[in-house]
Amino acid sequence: MKKQAELFNGKAKTVYATDDPDKLILHFRNDTSAFDGEKIEQLDRKGMVNNRFNAFIMEKLEAAGVPTHHEKIISDEESLVKNLDMLPIECVVRNISTGSLCKRLGVEEGMDLNPPTFEFFLKNDELHDPMINDYHILSFKWATEDEIAQMKTLTFKVNDILTKLFRDAGMLLVDYKLEFGRYQGALLLGDEFTPDGCRLWDIETRKKLDKDRFRQGLGGVVEAYEEVAHRLGVKL
Ligand code: C5P
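Residues numbered from 1 in each chain as written. Predicted model: local features only at pLDDT ≥ 70, side-chain atom pairs only at ≥ 80, totals over all residues. Heavy atoms only, no water.

Novice: Can you tell me about the packing of helix α1 (residues 46-63) against helix α6 (residues 221-232), naming the residues and giving the values?
Specialist: A pair of packed helices can be characterised by two numbers: the angle between their axes and the separation between those axes. The geometry of α1 relative to α6 is characterised by a closest axis approach of 10 Å and an angle of 30 degrees between their N-to-C directions. By the criterion of interaxial angle, the relationship of α1 to α6 is roughly parallel. Relative to α6, the crossing made by α1 is left-handed. Contacts between α1 and α6 involve Lys46, Val49, Asn50, Phe53, Phe56 and Ile57 on the former and, on the latter, Val222, Tyr225, Glu226, Val228, Ala229 and Leu232. Residues of the contact of α1 with α6, tallied by class, amount to 9 nonpolar, 1 polar and 2 charged. (Axes fitted to C-alpha atoms, helices over the stretch in contact; angles between N-to-C directions. Helix = DSSP H or I, 4+ residues; strand = E, 2+ residues; numbered from the N terminus. Parallel < 35°, antiparallel > 145°, perpendicular 65-115°, else oblique. Left-handed = near helix turned anticlockwise from the far one by under 90°. Contact = heavy atoms within 4.5 Å. Nonpolar A, V, L, I, M, F, W, Y, C, P; charged D, E, K, R; others polar.)

Right, here's the structure in full:
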C-alpha cells in the first residue's frame, strides 16, 4: 500500500490517498484542538495512543456487528481505512447531561439520561456545527430517510456495546460523537472513536478521562488517555 497525496488536513488527523482508490490512510497527529480550533497544542504520544485506541474500539464494534471503515494499523500513528463518502453530519448520544446540552437547555450537569438523548449536528466549523434535525437533513439532501434511520440504529448500537465495555473497565461513557459515510452501497462508521470525541468519567470518582481535561486546562491529558487504554487492555 503506497501513501500518496495529502487529501485533507483536519484539526487532529491528516488523510492521505493511497494507490488503491478504495483505501485511505488516516494519520493521527499529536495536535489537540478545542473551541473550533481556537486552542491548539501538541501533546506528545497522543497520535500513537489515539491510533491504537481507535483501532481497538473499531475492532470491538466490527466484531459486535457495527460495520466500520477500519482496516488495520500500518504504523504508530497511521491506520488504513476504507474510502468513504462522508455525510456532513455528526451524531451525538448522551447518557449523562454535561457539555453543550447543559448550556443549550439550562439543565443540571450530571443527570442520568434515561433514555439517552440523540442529536444531529451539521459538520461546519464556520457555523460552529449547528444542531439540525431529520427535516433539515432531508430538505437539504445531506442524507436519505433510510440513512437517517441507520445512523440512529447504529449510534445506539454503539452505545449498547461501549457503555458495557467501559463500565466493565470502571468508566462511564458520558457522551460521544460518531460520523458515518457511504461505501459500496452501505453506510459504515467512519472518522474515529477516541477520548478526543467522547466523554469518559471514572465510575467511582467521576474524574474526567477525556478531552475535557484539555478543554478545561486540567492537565494530564495524554496520561488520562493512556489510563483509559490501560484499563481496557489496549496495547500501547
Ligand atoms: O460539546 P458537546 O457537549 O455537544 O459534545 C458532545 C460530545 O461530542 C462530546 O463527547 C464531544 O467530545 C463530542 N464532539 C466531538 N466533536 C464535535 C462536537 C462534539 O467529538 N465537533
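Anyway, onward from the coordinates.
Novice: Can you tell me about the sheet that holds strand β6 (residues 70-75), naming the residues and giving the values?
Specialist: Strand order in the open sheet formed by 5 strands is β1-β2-β3-β7-β6, and the pairing between neighbours is antiparallel. Where the open sheet ends on each side, the last strands, each with one partner, are β1 (3-9) and β6. Sheet twist, expressed as the mean angle between neighbouring strand axes with direction ignored, is 30 degrees. Across 4 bridges, β1 lies against strand β2 (residues 13-18) in antiparallel orientation. By the bridge assignment, Phe8 is partnered in β2 with Val15. Along the sheet, α1 contacts β3 (23-28), β6 and β7 (78-82); its crossing angle with β6, the most-contacted strand, is approximately 150 degrees. (Pairing = 2+ DSSP bridges.)

Novice: Explain the site of the ligand to me, and be specific about the residues and the numbers.
Specialist: Neighbouring residues of the ligand: 14 residues in total, closest Arg94, Ser100, Asp175, Arg199 and Arg215. Taking Asp129, its side chain carries an N or O atom lying 3.2 Å from a nitrogen atom of the ligand. Arg215 places a side-chain nitrogen or oxygen 2.9 Å from an oxygen atom of the ligand. Protein coverage of the free-state accessible area of the ligand, which is 450 Å², stands at 80%. A per-class count over the shell around the ligand returns 3 nonpolar, 3 polar and 8 charged. (Near = heavy atom within 4 Å. Polar contact = N/O pair within 3.5 Å; in protein donor to acceptor, adjacent residues only side chain to side chain. Areas by Shrake-Rupley, 256 points an atom, 1.4 Å probe, with all protein chains shown as cover.)

Novice: Tell me about the pattern of salt bridges, and name the residues and values.
Specialist: For the coordinates displayed, the defined rule picks out 28 salt bridges. Close ionic contact of Glu71 with Lys23 constitutes a salt bridge, the shortest N to O distance being 3.9 Å. Placement of Glu71 in strand β6 and of Lys23 in strand β3 is noted, with a sequence separation of 48 residues between them. The class for Glu71 is partly exposed, based on a relative accessible area of 32%. Several salt bridges converge on common partners, so that one network encompasses Lys13, Glu90, Lys123, Lys177, Glu179, Asp191 and Glu192. (Salt bridge = Lys/Arg side-chain N within 4 Å of Asp/Glu carboxyl O. Buried < 20%, exposed > 50% of the residue type's maximum accessible area, 1.4 Å probe, protein only.)

Novice: Give a detailed account of α1, specifying residues and quantitative values.
Specialist: Compared with an ideal rise of 1.5 Å per residue, which puts 18 residues at 26 Å, α1 spans 25 Å between its outermost C-alpha atoms and is within 8% of the ideal. The buried fraction of α1 amounts to 13 of the 18 residues, a majority that puts the element mostly inside the structure. Of the residues flanking the end of α1, it is Gly65, one or two places downstream, whose phi is positive at about 100 degrees. (Expected span 1.5 Å × (residues − 1).)

Novice: How would you explain the domain arrangement of the protein if you had to name every residue and give the values?
Specialist: Domain assignment breaks the protein into domain 1 (3-82) and domain 2 (87-220). Using only C-alpha atoms to locate each centre, domain 1 and domain 2 end up separated by 18 Å. Between domain 1 and domain 2, the residue contacts involve 31 residues of the former and 25 residues of the latter. At the junction of domain 1 and domain 2, the tally comes to 4 salt bridges. With a closest N to O distance of 2.6 Å, Lys46 and Asp196 form a salt bridge. (Domains from an automatic or database assignment.)

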